[in-house]
Amino acid sequence: MNAGNSELKVKRVSSRKRSRDSLKTHLTPTRKRGGGPCLQQCPTDWRLSSIMADEQAVEFCSDSEDLFGDYDSILEDSSLLAKLDEVEQIERQLDVQPPAHTEAADQPDFTSLRPSKDVQKPSCEDILTDSILDGLGDEPFEDLPASLLQFQEQVNESVKRSRLQDGDKTSTPSRTSDRNMEDKSKRKARRSVADQLKRTMLGNATAPSNVSRTAVLKEAVVSEEISVAMQAMETVSAETTDLGPFFGLPTKVKDLMYKLRGIKTLYDWQETCLNLDCVQQRKNLIYSLPTSGGKTLVAEILILRELLCRKKDCLFILPYISLVQEKVRGLASFGLELDFMVEEYAGSKGKFPPVKRRNKTSLYIATIEKAHSLVNSLIESSRMENLGLVVVDELHMLGDGSRGAIIEMTLAKVLYMSKSTQIIGMSATLGNIKDLQTFLRAENYTNDFRPVQLKEYVKLKDTIYEVDPKEDECFRFSRALNFKYSSGMQKMDPDHIIALVTEVIPAHSCLVFCPTKKNCENVAGMICKYLKEDFLQLRQEEKSVLLRELRESGNGSLCPVLRRTVPYGLAYHHSGLTSEERKLVEEAYSNGVLCLLTCTSTLAAGINLPARRVILRSPYLATDFLKRSQYKQMVGRAGRAGIDSVGESILILQDKERNMAQHLVCAPMEKCFSNLKHDEGKGLLSLILSLVGLNVRDFLCGTLLYVQQEQLCVERSLWEEVQQCVELLKEKNLITVAADGQTLQVTKLGKATYKGSVDLAHSDVLYKDLSKGLEGLLLNSYLHLVYLVTPYDMISQCKPDWMTYFRQFTLLSASEQKMSAAVGVPESFVARKAAGQSVKKSVNMEVVSRMYLALVLFSLLKETNLWSVADRFQLSRGFIQTLLSSSSAFCSCVLHFTEELEEFWPFRALLSELTRRLSYCVRAELIPLMEVAGVMELRAKQLYNAGYKTLTHLANADPAVLSRTIENMFNKQANQIVASAKMLLSEKAAALQEEVDELLTLPSDLPQASNTEQV
Ligand SMILES: Nc1ncnc2c1ncn2[C@@H]1O[C@H](COP(=O)(O)OP(=O)(O)OP(=O)(O)O)[C@@H](O)[C@H]1O
Ligand SMILES: [Mg+2]
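Residues numbered from 1 in each chain as written. Chains lettered and ligands numbered in written order. Predicted model: local features only at pLDDT ≥ 70, side-chain atom pairs only at ≥ 80, totals over all residues. Heavy atoms only, no water.

## Description of the side chain of Glu300
Here Glu300 shows up in helix α13 (residues 295-309). Polar contacts involving the side chain of Glu300 include one to the side chain of Lys327, which spans 2.8 Å. Those residues in contact with Glu300, other than ones at most four positions away along the chain, are Arg261, Phe316, Lys327 and Leu331. (Helix = DSSP H or I, 4+ residues; strand = E, 2+ residues; numbered from the N terminus. Polar contact = N/O pair within 3.5 Å; in protein donor to acceptor, adjacent residues only side chain to side chain. Contact = heavy atoms within 4.5 Å.)

Dropping the structure here:
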């Protein structure tokens, strides 16, 4: 037994060693040949050795300016490529002969694994040598499940072999004693299943379908470059400005930036910023530049440095799910090329705590809410030291209500719990950056660079004025308008929007920001009415493809406004559209098929869609006057880098708005204040709850609220505020005082609340609802479960239509109606309401409205057609989609909540399946494709119909073939989809591998057998 255990342990070491060695391969650098200790496994040892013993390393890292010396151009060195090819040839020849049992034979071949008749090719001695894999050629991709077939065949093979080996031990390579050989063959028979499982999965996951040995070797070159960069990071003094060929990163990163982004050189400010002393020393940093200044690239370079050179995980926080998905897609290719994981934490996606990766670092790309849960889970599992860097985009969102409070909590916890985690914040210019610097103990870099000049104008009556803060009234006369409008047209368009847009379209692009959703649709319709027929002739074919796709995305239904406007090259864009429609519209606008979008402010902060001219239809958002930051975001969309030489914005004003508008366009930037006290101090409450839960003390002085307490804690001191919160949490039974009478401790309910990120206002209701649910859980339909995960905060956003309610109620089965009555919505009540009668009996209207929303979700789950459900309930399809996505997110919150409370055990399995159902409310066969970031239903259907039926199909697809065969899929999209699929597949495979490793690891605290037993 004991021996068995130690064998397993030996196996683990050897298998890991192999994968590390595979990265090194046979490549040139002498340092490796010197047999120095392994880089990735023990960086400390390596650092020592590099200083003390290894001459070659000293040579690389001398104080020469370019630390890579000649070494940085390895990839361009044809002689080296020739050498690689030569090595490949030799390898092939070796493969033909029975392999001697050497280190080389132990190296995994990342050649793609597919079902093959050659699998049976006998390999006389070692069932696990990679010669088995070498036998697999690059046959065309056959129908799947390949990995399963492969696995099956290998298992059979291994069984045969182990029998063989038992009978004929001499066939094993003999480098060690017979005794050892015997042990070894047993060991191999035992380890075979796990190893083959791992290898099959990893081979499939990591290798693209046509990866040659040369490609693998090139990968190794990159890994060597990274090790040199790591070495550089460790050894150069702080004064050195340039750590390597590309800001401390391998040349390959520079090449990838060009290949994948089209970015050849960095802007001057980007270079300056990356070379700042504080950046080199990994101090916290806030940098602020105007919109479109190129802030993201700097953050990405720092992330790559952390991932590749310091081998630490990174967290990138973005404000919206769509932005997270876009980033995941954009960075997946970098992950594949540079060998790190890109993990999506948005909506219902993301594991807590994240899967531990032994050999790879991870980049978590997360929404604000998910980032908070992620940090909580890392603290709880004592893994904060693995988090090297946290990047927050749009840092000014700290001042944005409850989401701001969540960012503040997250950052404060990171600051407190891990001194070695660097924090980088990006933002447009802020009025009180000093406060944020104090909070984050950060340096600041500010620059007003903008790649394309932005000219701001306002329109008052028939005159255009340029915004100029130096002028007394902020406005300087620019030009008089002389549009020839008929009286009818003047009536329709008193603000001359049509004239203003036709100055730029169709040759250039234009965005028109409108105060309401309805207004967007009306303005788009109005402009079309007066456009010339010429507009219809442009890019006709692409427009009809767009219309067709819009129709397909609506399962045959097409928005009548879009049907009218798209042929003219116009569309509207707001949250009433489905995310699929929005994406189609965005893509068509980016590609120039559409030249004008009318939109709400959501577009300003969302996807990067610049325009030559931006028009603000009015200085209002619904009924609120614009804030300066909102105005700046919107006008900041003007000017496309690399396309336009100038961008311009025009704010349309009425006379009475003149004074307020002066303030809007010329005032200093707004200040950003802590939001922990927002919404009756919800943020502070949940912060204190999680601090007690995580056992963190003396913490609050690390918050922005502490920094700003003089302004924000006027009525009560921060200390009094905290006292009050503690009392409230006690009242709510979320925390208690421990037996010692002093220490606070979190209750089970409290723990479930912060672990599930459940709003404190709802946690007790949720507990009661779930408990009541257990008494008579209806399981022959989804309705009851769906009701339990219908988010409480959506209730106020929808008023039931009683006739619809009643009609839907009558369609329920008897047991469903009974369940509805049990939660507090009896049929009689709905019937009376529908008949317009008054109801005396008191009912909880929140429950009634929640059940109405549950009915919407229930219909959606049943028929998966957003449009018909929207029609039936007379709600906008955008609202229904928001309801669906927040329900799936809430469902995963409830799942985490129930995981902490033993009494709710039956919910766990049920809710994990329901989360999946709600996340992908589509035909089941499309789900695996839709797990890939950014693949929506329509795209999934197209892919499915074209034969790409599983994630593995997609991961192995040739992007060129995809873009040829799938309608309206451009090369870039095809590349990104395939890269994301590969990343996801390798993530899944690696997670399984970790599980296998975990199972096979010898526990360190295993009771030791006594000596006599061993004998
Ligand atoms: N060095 C560069 N050369 C060319 N293009 C660049 C460079 N750096 C960034 N860009 C491009 O500029 C555009 C805007 O960059 P980015 O999105 O980072 O701006 P931003 O500063 O974050 O603006 P916002 O505040 O609007 O989010 C992107 O399309 C990006 O690819
Ligand atoms: Mg940005």
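Once you've had a look at it, read on.
## Quick word on the sheet that holds strand β11 (residues 510-513)
If you trace the 8 strands from one edge of the open sheet to the other, you get β10-β9-β8-β17-β14-β11-β13-β12, paired in mixed fashion. Strands at the two margins of the open sheet, each flanked by one partner only, are β10 (475-480) and β12 (570-573). Averaged over all pairs of adjacent strands, the angle between strand axes in this sheet comes to 25 degrees, irrespective of strand direction. Where strand β8 (residues 453-460) and strand β17 (residues 646-653) come together, 8 bridges link them in parallel fashion. Bridge pairing in β17 places Leu454 opposite Gly647. Together, β8, β9 (463-467), β10 and β17 form the strand contacts of helix α27 (residues 658-666), whose direction differs from that of β10 by roughly 110 degrees. (Pairing = 2+ DSSP bridges. Axes fitted to C-alpha atoms, helices over the stretch in contact; angles between N-to-C directions.)

## A word on the sheet that holds strand β1 (residues 284-288)
Taken in spatial order, the 7 strands line up as β3-β4-β2-β5-β6-β1-β7 in an open sheet, and their pairing is parallel. Where the open sheet ends on each side, the last strands, each with one partner, are β3 (341-345) and β7 (442-446). Ignoring which end each strand starts from, the neighbouring axes of this sheet average 15 degrees apart. Two strands pair when backbone bridges link them, and β3 and strand β4 (residues 362-366) are joined in this way by 5 bridges, in the parallel orientation.

## Describing the packing of aromatic side chains
For the structure on display, the rule yields 18 aromatic pairs. A centroid spacing of 5.2 Å and a plane angle of 55 degrees characterise the contact between Tyr767 and Phe904, whose relative ring orientation is tilted. One end of the pair, Tyr767, is in helix α33 (residues 760-775); the other, Phe904, is in the loop between α40 (877-899) and α41 (905-919), with 137 residues separating them in the sequence. Take Tyr767: its relative accessible area is 26%, and that puts it in the partly exposed class. In this structure an aromatic cluster arises from ring pairing among Trp802, Tyr805, Phe829, Tyr852 and Phe873. Directly above the aromatic system of Tyr416 lies the positively charged group of Lys419, at a separation of 5.7 Å from the ring centroid. Lying across the ring of Tyr465, Arg658 places its NZ or CZ 5.8 Å from the centre. (Phe/Tyr/Trp six-rings, centres within 6.5 Å; stacked < 30°, edge-to-face > 60°. Buried < 20%, exposed > 50% of the residue type's maximum accessible area, 1.4 Å probe, protein only. Lys NZ or Arg CZ within 6 Å of the ring centre and 35° of its normal.)

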